[in-house]
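# Coordinate inspection notes
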Amino acid sequence: MDVYFPLSKRSRTSASGEKFEQKKPSIEVLPDECLFEIFRWLRGGRERSSCACVSKRWLILVSNICKYEIRDNNIIHALNPKDESTNKKGGIVSEVEHNDVDSDGYFTRNLEGKKATDGGLAAIAVGTASRGGLGKLFIRGSNSWNRVTTVGLRAISRGCPSLRVLSLWNLSSIGDEGLCEIANGCHRLVTLDLCHCPAVTDKSLLAIAKGCPKLNDLTIESCANVGNEGLLALACCCPNLKSVSIKNCPLVGDQGVASLLSSASYSLTKLKLQALNITDEMFSVIGHYGKSVTDLSLTSLPNVSDKGFWIMGNSQGLQKLKSFTIASCLGLTDRGLEAVGKGCVNLKQFYIFKCDLLSDKGLVSFAKVAGSLESLQLEDCHRITQIGLFCSLLNCSAKLKVISLVNCLGVMDLTTGLPSLSPCESLQSLCIRNCPGFSDSSLAVMGKLCPQLQHVELRGLHGITDAGFLQLLKSCNAGLVKVNLKDCVNLSDKGVCRLTNLHRWTLETLNLDGCKISDASLFAIAENCRLLGDLDVSRCAITDSGIAALAHSDLINVQILSVSGCSVVSDKSLPSLRNLGKTLLGLNLQQCKAISRSAIDLLVQQLWRCNIRF
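Cut-offs applied
- Residues numbered from 1 in each chain as written.
- Predicted model: local features only at pLDDT ≥ 70, side-chain atom pairs only at ≥ 80, totals over all residues.
- Heavy atoms only, no water.
- UniProt positions renumbered as here; feature names shortened; annotations may be inferred.
- Helix = DSSP H or I, 4+ residues; strand = E, 2+ residues; numbered from the N terminus.
- Contact = heavy atoms within 4.5 Å.
- Buried < 20%, exposed > 50% of the residue type's maximum accessible area, 1.4 Å probe, protein only.
- Arc of directions from axis to C-beta.
- Phe/Tyr/Trp six-rings, centres within 6.5 Å; stacked < 30°, edge-to-face > 60°.
- Pairing = 2+ DSSP bridges.
- Axes fitted to C-alpha atoms, helices over the stretch in contact; angles between N-to-C directions.
- Parallel < 35°, antiparallel > 145°, perpendicular 65-115°, else oblique.
- Nonpolar A, V, L, I, M, F, W, Y, C, P; charged D, E, K, R; others polar.
- 1 Å grid on protein atoms, 1.4 Å probe; cavity = no way out; pocket = protein on both sides within 12 Å on 5 of 7 lines; lining within 4 Å.
- Points joined across faces, edges and corners; volume = space filled by probe spheres on them.
- Salt bridge = Lys/Arg side-chain N within 4 Å of Asp/Glu carboxyl O.
- Right-handed = clockwise from strand over helix to strand, strands pointing away.
- Left-handed = near helix turned anticlockwise from the far one by under 90°.

By the naming in an unreviewed UniProt entry, the protein chain goes by F-box domain-containing protein and is assigned to Gossypium laxum. Its UniProt record gives the protein chain the following Pathway (unreviewed entry) comment, quoted word for word: "Protein modification; protein ubiquitination." Looking at the protein chain in UniProt, the text filed under Subcellular location (unreviewed entry) is "Nucleus".

In structure tokens:
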């Protein structure tokens, strides 16, 4: 019988007669400098990628090889796709090839949480370098798991000179040294987003300014050690900034922001300032140098008074402004709002949030002078009443299409003192949400003022009943397309049936979540609504009969259906839901306690193309 013995290491005998095993020489005994020199002579990206898979040490060494350090005269041949295709099944190349490629042919990478490590960045640097280059990199760390350091950013800097977009979030371990590495190697960078990076200081921005002159999109948020000096450097070296967003940086003041605006007055189109220590003087700079700004957002600026808004509006520099957001600015008063309306002649979208000193007088004055306004949204402005709302509609621009009131507690039913009503023919969308004083009489007036409504959202209005809703329906001549009546607890089947009858040919979306309706509403919907594609009857008193009526209708083709919290709907609705599945793309069965788990499992199998939530 033949017996197989595996090969063993050869024994050697010393001079004293003691035997010992001969060990094979290992490449690991070479110092990093020697290995680095060897890797530089590798033929192309495929070989370097394979070496990077050997160990973490080799990965870091390979990732630190800059493109100009490679001793290869035939780089074009090394990057030939035919050469790379032979290694698609292994190595770092195969790990990254499934990710997205942008329009310029560069890769996009996302690292989040525990995956955000120096090793992950090194792998990205090696893998993308051999496949065409990295274009966008997004790193999202966490406070409890931060393993990205200067080593990882150095690998990106040396291996990814094509990087154009860099976003760093929640990375307390990243400081000036890491961003200086990026500035030294990624000269094509155009977008930089720094959020919750407390170790980053002005030194980083100085390096970015010198190394990345093509920067045009800058976001700095919650970076406590970034101040005016870094912004001054960016203003000097990056004159083509198009978008600037600075939020919650206590060291940033008038000088830094003013320098950015003055240097990029002909290129800056978007500006967002939030929770900064800027004053009225800064607003005068905005009004003078914001010549190209089309989108402006000012939030939580406690040191700005009414004088600042007045000066900004009267500077006549915001001629191109189209979208304006003012939030939590106690300095905004009626006088300042009127000045803004006069100075921003092309303003189309205006959003005001938590401005407690603003009243009806200022709103009406603004409506008179804002000749291009198309959308007006007011939230948590408690001094605005029905008088201000109705009078602004009477004096508004002929272009106004959207008006929204959210959490405005000063809105109370007042029908006296109103001028003669003339319809606002341009208004197409009305949103009144969580305004407890808005009830039937106000809704009836709105119907007369806005006969061309197509989108109506009346959420959380307990004062709305069928009587007021019917008045609105009678006034809508254009045909309602989207209707949201969520949490209007006093609306019943009468109002819904009337809605489906009058607007059967236009209604596409209907939300009745929390309304006082029953199967009668579903019967009316099944009989009338031919175009309805999105229906929400969550937390309503509907039963299996109502679901069956929808399923047996030959008219409707519902794609999104929500019956969440309908406790009476049971397993008996399974055949009906299966029948609706011919058109359903989304189905919400959450908190339907009468439907068993086995029925849901069966439904998931049968409606395999439908997204079911349970």
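Read on for the rest.
Regarding its fold elements, the protein chain presents 24 helices and 22 strands. At a minimum sequence separation of 6, the contacts of the protein chain that also span at least 24 residues come to 81%.

A separate point is helix α20 (residues 493–502). Residues of α20 that are buried: Asp 493, Gly 495, Val 496, Leu 499 and Thr 500. For α20, the angular spread of the buried residues around the axis is 165 degrees, confining them to a single face. Buried residues along α20 sit in contact with α19 (466–475), β17 (482–484), β18 (509–511) and α21 (519–528).

This part takes up the packing of aromatic side chains. Summed over the entire model, instances satisfying the criterion amount to four aromatic pairs. Relative to Phe 309, the ring of Phe 283 has its centre 5.0 Å away and its plane inclined at 80 degrees; by these criteria the two rings are edge-to-face. Of this pair, Phe 283 sits in helix α13 (residues 280–289) while Phe 309 sits in helix α14 (residues 306–314); the two residues are 26 residues apart in sequence, bridging distant segments of the chain. Across the pair, Phe 309 and Phe 283 agree in class, each one buried.

On to the pairing of strand β4 (residues 134–140). Here six bridges tie strand β3 (residues 107–112) to β4, and the two strands are oriented parallel to one another. By the bridge assignment, Thr 108 is partnered in β4 with Lys 136. In the sheet, β4 pairs with strand β5 (residues 165–169) via five bridges, with the strands oriented parallel. Its bridge partner being in β5, Phe 138 is matched across the sheet by Ser 167.

Contact geometry for α20 and α21: axes closest at 9 Å, N-to-C directions at 0 degrees. By the angle between their directions, the pair α20 and α21 is classed as roughly parallel. Along the contact surface, α20 presents Asp 493, Val 496, Cys 497, Thr 500 and Asn 501, while α21 presents Ala 520, Ser 521, Ala 524, Ile 525 and Asn 528. Grouping the constituent residues of the contact of α20 with α21 by class yields five nonpolar, four polar and one charged.

Here we take up the layout of surface pockets. Roughly 240 Å³ of internal volume is contained in the second largest pocket. Around the second largest pocket, the lining is made up of 18 residues, and of these Val 456, Glu 457, Lys 482, Val 483 and Asn 484 lie nearest the centre. Here the element with the most residues in the lining of the second largest pocket is strand β15 (residues 429–433); it accounts for four residues. Classifying every residue of the lining of the second largest pocket by side-chain character gives six nonpolar, seven polar and five charged.

Attention shifts here to the environment of Cys 610. With respect to the helices and strands, the residue Cys 610 is situated in the loop between α24 (597–606) and β22 (611–613). Through-space distance from the C-alpha of Cys 610 to that of Lys 582 is 9.4 Å; in sequence the pair is 28 residues apart.

A separate point is the pattern of salt bridges. Throughout the structure, instances matching the rule amount to 11 salt bridges. Of the charged contacts, one joins Glu 457 and Arg 433 as a salt bridge, the two residues approaching to 3.5 Å between their closest N and O atoms. Within this pair, whereas Glu 457 is found in strand β16 (residues 455–459), its partner Arg 433 is found in strand β15, the two being separated by 24 residues in sequence. In this structure Arg 433 comes out as partly exposed when scored by relative accessible area, which is 27%. Beyond isolated ion pairs, a larger network of salt bridges with shared partners links Lys 486, Asp 487, Asp 513 and Arg 539.

Quick look at the pairing of β5 now. For β5, the buried fraction is high: four of the five residues fall into the buried class. Bridge count between β5 and strand β6 (residues 191–195): five bridges; the pairing is parallel. Across the sheet, the residue bridging to Ser 167 is Asp 193, located in β6. What joins β5 to β6 is helix α9 (residues 176–185), and the crossover it makes is right-handed.

With that out of the way, let us pick up helix α16 (residues 360–369). Residues spaced three or four apart along an α-helix point in a common direction, a consequence of the helix completing one turn every 3.6 residues. α16 sits mainly inside the fold: seven of its 10 residues count as buried. All of the buried residues in α16 are Asp 360, Gly 362, Leu 363, Val 364, Ser 365, Phe 366 and Ala 367. Looking at the buried residues of α16, the elements they touch are α15 (334–343), β12 (349–353), β13 (375–379) and α17 (386–395).

In this section: empty space enclosed by the protein. Counted under the stated rule, the structure contains one cavity of 30 Å³ or more. Considering only enclosed or pocket space, the largest cavity measures out at about 60 Å³ in volume. Taken together, Ala 367, Ala 370, Leu 373, Leu 376, Ser 392, Leu 393, Cys 396, Ser 397, Leu 400 and Ile 403 form the lining of the largest cavity.

Take Leu 602: it is sitting in helix α24. Owing to a relative accessible area of 35%, Leu 602 belongs among the partly exposed residues under this scheme. Taking C-alpha positions, Leu 602 is 8.9 Å from Leu 574, a pair spaced 28 residues apart along the chain.

In a packed pair of helices, the relevant descriptors are the angle between the two axes and the axis-to-axis distance. Closest axis-to-axis distance for the α14/α15 pair is 7 Å, and the angle between their directions is 15 degrees. Compared by their axis directions, α14 and α15 come out roughly parallel. Between α14 and α15 lies a crossing of left-handed hand. Contacts between α14 and α15 pair Asp 306, Lys 307, Phe 309, Trp 310, Met 312, Gly 313 and Asn 314 from the former with Arg 335, Gly 336, Ala 339, Val 340 and Gly 343 from the latter. For the contact of α14 with α15, the class distribution of residues is five nonpolar, four polar and three charged.

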